[in-house]
Amino acid sequence: MSDTGGPDVTEELRPPWDEDPDDLYEHAPCGYLTTLPDGTIVRVNQTFLSWTGYTRGELVGHRRFRDLLNAGGQIYHETHYAPLLRMQDEVHELAFDVVCSDGRHLPTLVNSTLGRDDAGQPRAIRTTLFNATERRQYERELLLARQTAEASERRVRVLQQIVADLAAAPTEAEVAEAVVRAPEAAFGAASSSIYLVDDERDTIVAVASTDPTTGNWDDMPRSSPRAVAQVAERGDLHVVGSLAQAREHFPDLVDTMRRSGRNTVVLLPLTTGPADEGAGVATLGVLAFSFKGERRLTDGELRVVRLLGQQAGQALDRARLYDDVRRREDRASFLAATTRSLDELHRLLPRTRRLVDRIVPEIADWAEVRLHVGTTPLVEDGGGPRPDEEVLTQRLGKVAASGEPVFAAEDDELDYSVLPLTARGLVLGTLALRLASEGRGAAAERTFLIELADRAGLALENARLYEQERQIARTLQRSLLAGDLPGGDSRFAVETYYQAATHDLEVGGDWFDAFLITHDKLALVVGDVVGRGIEAATTMGQLRSAVRALASNENGPARLIEGLDRFVDRVESARMATVAYVEIDLASGEVAYSCAGHLPPLLLQPVGSPEFLLRGRSAPLGSKAGDTRRTEDRMRLPAGSRLLLYTDGLIERRTRPIDQGFEVLAREYARRRDAPLQGLPAGLADTLVGRDHSDDVCMLCVTLGTEERIERTIGADRMQIALLRADLRGWLTAHGVEPVCRDAVLLACSEAVANAIEHGYRDDPFGMIDVVATVTADAVEVRVTDRGTWRGPVTDVARGRGLQLIRESMDQVLFDRGDGTTVTMRRGRREAS
């Protein structure tokens, strides 16, 4: 019995078997994960393991939840999931792609709760994951159904669009073009023709047709017995539903309908109002459209057809009045379009040139803009012929001094006007123009010209102020990025690159720095400040100084970022800036790094594929959300490793996911494994960004240690020789090769590469040359290989000054003609003291 005295129904609801709680957990219809607050997995159910293919031993205690997500999911975990979970203690239905053991991506919906202990500190995270594969398929099916419904709705909107097109059509020809295509789109007609009434000639004129072969396509008098003329005379809609009806009412249609295979013809008068209004309603034309087979129009369709006739007639009536207002509308449109066009350009000279190009030839035969900026006036003109220079100069001076416009008068033989370009009460310059012939001397144009000059003056003054501020910010930014970088140390080499946005935007906040904390510790930093312009450039300088002040041999990256957080509390403009900071112990090769909201550094070791350093991450500087605990990661790198720090302008695009940007960067970085360090960042920028990009790009690349063997591949371009020589010089110096031997090797190598370009690839500008150099305690050996086609023996072709220099510089020179040509050169290190 229950507490209420009734039967205990819970006994009947119990299953006839004992439920095992562990079995319920392990084989639940969803995945279960229990993790520590840092994300380390401590428990996982069998359902999740079955879905992903992992074993329990691979996950528990070894992987974090975020490690199972794809790269985009990891970023989303960092920027959204983790901050929301800490703030709300729970998150619901977040979509993540889990990377399975075989590389498959499993769509899931994630719900998590954060458990806390009695002290309120995070204790564990419980997460359920639901397989969203079928849901995504269902969503795609819903989308397809929605698209089908929208297609049906679009057909209904065709009629609305016809009315809109008629309202926008300014001339009879444009109205006719819109009307003749309406029946096909609205009713599925096979063909349409439109005839307009010409009152002056008392005729009906065939204007347009989608298929002229289907009717009597010629003009006719209004008194003609043909069907079109009769409908125009009566002003009534006629639907000819069969050949029999055509024989009865309009015999001239029978032959046409039989020949073209049309069984239904609609003859619609184009009137200025409803036919039942009688007086004041005029028929301006007739629209004839036909169907293959018998087509019965419903009452609703007939109402739409009549409405179409009225709208088309009224549109034709409006077109006849259009010329009276066309000029005023054109002028208003011109002013609006010119303002928008000038706003697209930020620089003063291009904006001035754009103004002249807008004026000539659309409204004027000749125009000149003269701006009094700087010591020399800025002058842009276009069109012609140019007025008399002396008289023009006098009129320009008068207008500039008085600030009042001078318009061309009816009896003015020069026939041009001069207007002041003013902004904020100051005369910036003058606009002189000669209107096109149809507008000369028109008093109505004066208001238009005054407004044009006012808008142009304000736009040009804004461009001047923008350029002034932009130049100040650029100068400040260049001064910050032009600081001396550490060099001359065989244990490392640094190469930097900065490319400003090519569009006329304000200065961005990308910056880099490299400096020695101690003799054995190198610091590298790349950052991005929120905002643009002078404030951003100033903030860059403050952050750069703060990093140098906080860097010490004892602090390490995490403590330095903590110090920057305290700095940001005092400098609000630096809040939400991102920073990637790296410290390298040059003695041991240990690297420590920390990223505060910045993109991960890219590491390329001598062996293996590029690797993004995704540890040591936390929120941007001064962030109130996200993971604000500053962490760092450490690893030891072998000699020859390269580390790239960069800003988002290198990989982020609106047209692709960020994961794809990471993939492209890693691929191009790996492809340049053997490229000289000098020019490497610039080459990456050329490939990934190009020269037309809307965001700044900043890179810093460092190579650690000295390579035991240097291998480089360069293109058949003499410009590459200088980069190769610089790279080879640093390598020889790092190995302690004596100056005399070093210079001789550099000279011989340069000449051998030049011979390969000139003779081996004389007809192939895309050829590649391999250079391999080794050094021992006794000698330096260099091998230069090309795969080109030499004409005749190498010693004959290269018999000039180049071969002589090679033999004088090296102790031994050998030529091998196999698959291409290999020159092997050896120089002893006998100059050593």
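Reading the values: rules and limits
- Within every chain, residues take consecutive numbers counted from 1 along the sequence as written.
- Given that this is a predicted model, residues contribute local features only at a pLDDT of at least 70 and side-chain atom pairs are listed and counted only at 80 or more, while totals for whole chains, interfaces and linings are drawn from all residues.
- The side-chain values count all of the structure's non-hydrogen atoms but skip hydrogen atoms and water molecules.
- In this description a helix means any DSSP run of H or I spanning at least four residues, a strand means any run of E spanning at least two, and both kinds are numbered starting from the N terminus.
- Any residue under 20% of the maximum accessible area for its type is buried, any over 50% is exposed, and the rest in between are partly exposed; the area is computed with a 1.4 Å probe on protein chains only.
- Contact criterion: two residues are considered in contact whenever any of their non-hydrogen atoms come within 4.5 Å of each other.
- Accessibility throughout is a Shrake-Rupley quantity obtained with a 1.4 Å probe, and a residue counts as covered only by protein chains that appear here.
- Buried Ala, Val, Leu, Ile, Met, Phe, Trp, Tyr and Cys residues that are joined via side-chain atoms within 4.5 Å together make up what is termed a nonpolar core.
- The pairing criterion is simple: DSSP has to find at least two bridges between the two strands.
- Inter-axis angles, ranging from 0 to 180 degrees, are taken between N-to-C directions of lines fitted to C-alpha atoms, where helices are fitted over the stretch in contact.
- Pairing of aromatic rings covers Phe, Tyr and the six-membered ring of Trp, with a centre-to-centre limit of 6.5 Å; geometry is then stacked below 30 degrees between planes, edge-to-face above 60, and tilted otherwise.
- Two limits define a charge over a ring: the Lys NZ or Arg CZ must be within 6 Å of the ring centre, and within 35 degrees of the ring normal.
- The rule for a salt bridge is simple: a side-chain nitrogen of Lys or Arg has to be within 4 Å of a carboxyl oxygen of Asp or Glu.
- The directions from the helix axis to the C-beta atoms are what the arc is built from.
- What sets the label is the angle itself: under 35 degrees gives roughly parallel, over 145 gives roughly antiparallel, 65 to 115 gives roughly perpendicular, and the rest give oblique.
- When the near helix sits turned anticlockwise from the far one by under a right angle, the crossing is termed left-handed; a clockwise turn instead gives a right-handed crossing.
- Three residue categories are used. Nonpolar comprises Ala, Val, Leu, Ile, Met, Phe, Trp, Tyr, Cys and Pro, charged comprises Asp, Glu, Lys and Arg, and polar comprises the others, including Gly.

Student: What is the right way to read the overall build of the protein from this model?
Tutor: For the protein, the count of helices and strands is 23 helices and 31 strands. Each of the 833 residues in the protein was classed as buried or not, and the buried ones make up 47%. For the protein, contacts bridging at least 24 residues in sequence account for 61% of all contacts bridging at least 6. Carbon and sulfur atoms make up 50% of the accessible area of the protein, which amounts to about 41300 Å² in all.

Student: Can you walk me through the nonpolar core in this structure?
Tutor: Here is a general trend for soluble globular proteins: nonpolar side chains tend to be buried in one another's company. Core analysis: the largest hydrophobic core is formed by 32 residues, its most contacted members being Val 753, Ile 769, Val 782, Val 784 and Met 825. Breaking this core down by element, the ones donating at least two residues are β27 (709–715), α20 (719–734), α21 (739–760), β28 (768–775), β29 (779–786) and β31 (820–828). When residues of this core are assigned to their parent elements, the largest contribution, 10 residues, is made by α21. Those residues in contact with Ile 769 that lie beyond four places of it in its chain are Arg 712, Thr 713, Ile 714, Val 753, Ala 756, Ile 757, Tyr 761, Val 784, Thr 785 and Asp 786. Counting 30 residues, the second-largest nonpolar core is a separate cluster that includes Leu 378, Leu 433, Phe 448 and Ala 459.

Student: Explain unusual backbone geometry to me, please; I cannot follow it from the model alone.
Tutor: Across residues other than glycine, the phi torsion is negative in most instances, and most of the peptide bonds are trans. Following Val 360, the chain continues to Pro 361 via a peptide bond in cis, the omega torsion being 5°. Along the polypeptide, Pro 361 turns up in the loop between α13 (348–359) and β12 (364–371). Positive phi outside glycine occurs at Asp 89, with the angle close to 70°. Residue position: Asp 89 is located in the loop between α5 (71–88) and β3 (90–99). Under the relative-accessibility criterion, Asp 89 is labelled partly exposed at 28%.

Student: Before we go on, may I ask you to explain the sheet that holds strand β4 (residues 105–116) in this structure?
Tutor: Neighbouring strands of a sheet are bound in pairs by backbone hydrogen bonds; such pairs are parallel or else antiparallel. What the five strands build is an open sheet, ordered β2-β1-β5-β4-β3; its pairing is antiparallel. Each edge of the sheet is formed by a strand with only one pairing partner; in this case those strands are β2 (41–44) and β3. Between one strand axis and the next, the sheet turns by 25° as a mean value, whatever way the strands run. With nine bridges connecting them, β4 and strand β5 (residues 122–131) associate as antiparallel partners.

Student: I tried to follow the packing of aromatic side chains on my own but got confused; where do I start?
Tutor: Ring pairs (aromatic) are described by centroid distance and by the angle formed between their planes. Tallying each qualifying case throughout the model produces 10 aromatic pairs. Between Phe 65 and Tyr 81, the aromatic rings sit 5.9 Å apart at their centres with planes inclined by 50°, giving tilted as the arrangement. Remark: Tyr 81 occurs in helix α5 and Phe 65 occurs in the loop between α4 (56–59) and α5; sequence separation between them is 16 residues. Each member of the pair, Phe 65 as well as Tyr 81, carries the same accessibility label: buried. Seen from their ring centres, Phe 289 and Phe 291 are 5.9 Å apart, and the 80° between their planes marks the pair as edge-to-face. Neither Phe 289 nor Phe 291 differs from the other in exposure class; each is buried. The rings of Phe 65, Tyr 76, Tyr 81 and Phe 96 are connected pair by pair, giving a single aromatic cluster. Directly above the ring of Phe 291 sits Arg 295, whose terminal nitrogen or CZ lies 5.2 Å from the centroid.

Student: Sorry if this is basic, but what is going on with the pairing of strand β26 (residues 697–704) here?
Tutor: Successive side chains on a regular strand alternate, one facing one side of the sheet and the next facing the other. Most of β26 sits out of view: eight of its eight residues are buried. Here β26 shows no split at all, with Val 697, Met 699, Cys 701 and Thr 703 on one side and Cys 698, Leu 700, Val 702 and Leu 704 on the other all buried. As judged from the eight bridges shared by strand β16 (residues 492–499) and β26, these two strands associate in the antiparallel manner. Bridge pairing in β26 places Glu 495 opposite Cys 701. In this sheet, β26 lies alongside strand β25 (residues 642–646) in antiparallel orientation, the contact comprising five bridges. The partner of Leu 643 across the bridge, within β26, is Val 702.

Student: What exactly am I supposed to notice about the side chain of Thr 108 here?
Tutor: Mapped onto the elements of the fold, Thr 108 is located in strand β4. In contact with Thr 108, not counting residues within four places along its chain, are Leu 94, Ala 95, Phe 96, Val 98, Leu 129, Phe 130 and Ala 132.

Student: It is not clear to me how the environment of Ala 459 should be interpreted in this structure. Could you clarify?
Tutor: On the secondary structure map, Ala 459 appears in helix α15 (residues 445–481). Since its relative accessible area comes to 9%, Ala 459 is described here as buried. Each C-alpha atom, one on Ala 459 and one on Asp 343, is 7.3 Å from the other, the two residues being 116 residues apart in sequence. Other than its neighbours up to four places away in sequence, Ala 459 contacts Leu 342 and Arg 351.

Student: How do you make sense of the pairing of strand β6 (residues 191–198) when you look at a structure like this?
Tutor: Buried residues dominate β6, accounting for seven of its eight residues. Where β6 and strand β7 (residues 203–209) come together, six bridges link them in antiparallel fashion. Along β7, the bridge assignment pairs Tyr 195 with Ala 206.

Student: Looking at this model, I keep getting lost on the side chain of Asp 565. Mind explaining?
Tutor: Relative to the helices and strands, Asp 565 resides in helix α17 (residues 557–570). The class of Asp 565 is buried, set by a relative accessible area of 17%. When near neighbours in sequence (up to four residues on either side) are disregarded, Asp 565 contacts Leu 621, Gly 622 and Arg 630.

Student: I keep staring at the pattern of salt bridges and nothing clicks. Help me out?
Tutor: Opposite charge on two side chains permits them to pair, given that their charged atoms come into close proximity. Counted under the stated rule, the structure contains 35 salt bridges. With its nearest N and O atoms 2.7 Å apart, the salt bridge here joins Asp 513 to Arg 548. With Asp 513 in strand β17 (residues 510–518) and Arg 548 in helix α16 (residues 533–550), this residue pair connects regions lying 35 residues apart in the sequence. Each of the salt bridges in this network shares a partner with another, and the network as a whole consists of Glu 368, Arg 370, Asp 381, Arg 386 and Glu 389.

Student: Got a minute to help me understand helix α7 (residues 172–180) in this structure?
Tutor: Structurally, the α-helix is built with 3.6 residues per turn, so residues lying three or four positions apart point the same way. Burial in α7 covers these residues: Val 175, Ala 176, Val 179 and Val 180. Buried positions in α7, seen along its axis, are confined to an arc of 125° and lie on one side of it.

Student: Explain the packing of α20 against α21 to me, please; I cannot follow it from the model alone.
Tutor: Any two packed helices are characterised by the angle at which their axes cross and by the distance between the axes. Remark: α20 packs on α21, axes separated minimally by 10 Å, with the N-to-C direction vectors making an angle of 150°. One way to sum up the angle between α20 and α21 is to call them roughly antiparallel. Here α20 and α21 pass one another in a crossing that is right-handed. Contact with α20, carried on its side by Ile 721, Leu 724, Arg 725, Leu 728, Arg 729, Leu 732 and Thr 733, involves Arg 742, Asp 743, Val 745, Leu 746, Cys 749, Ser 750, Val 753, Ala 754 and Ile 757 of α21 and no other residues of that element. For the contact of α20 with α21, the class distribution of residues is 10 nonpolar, two polar and four charged.

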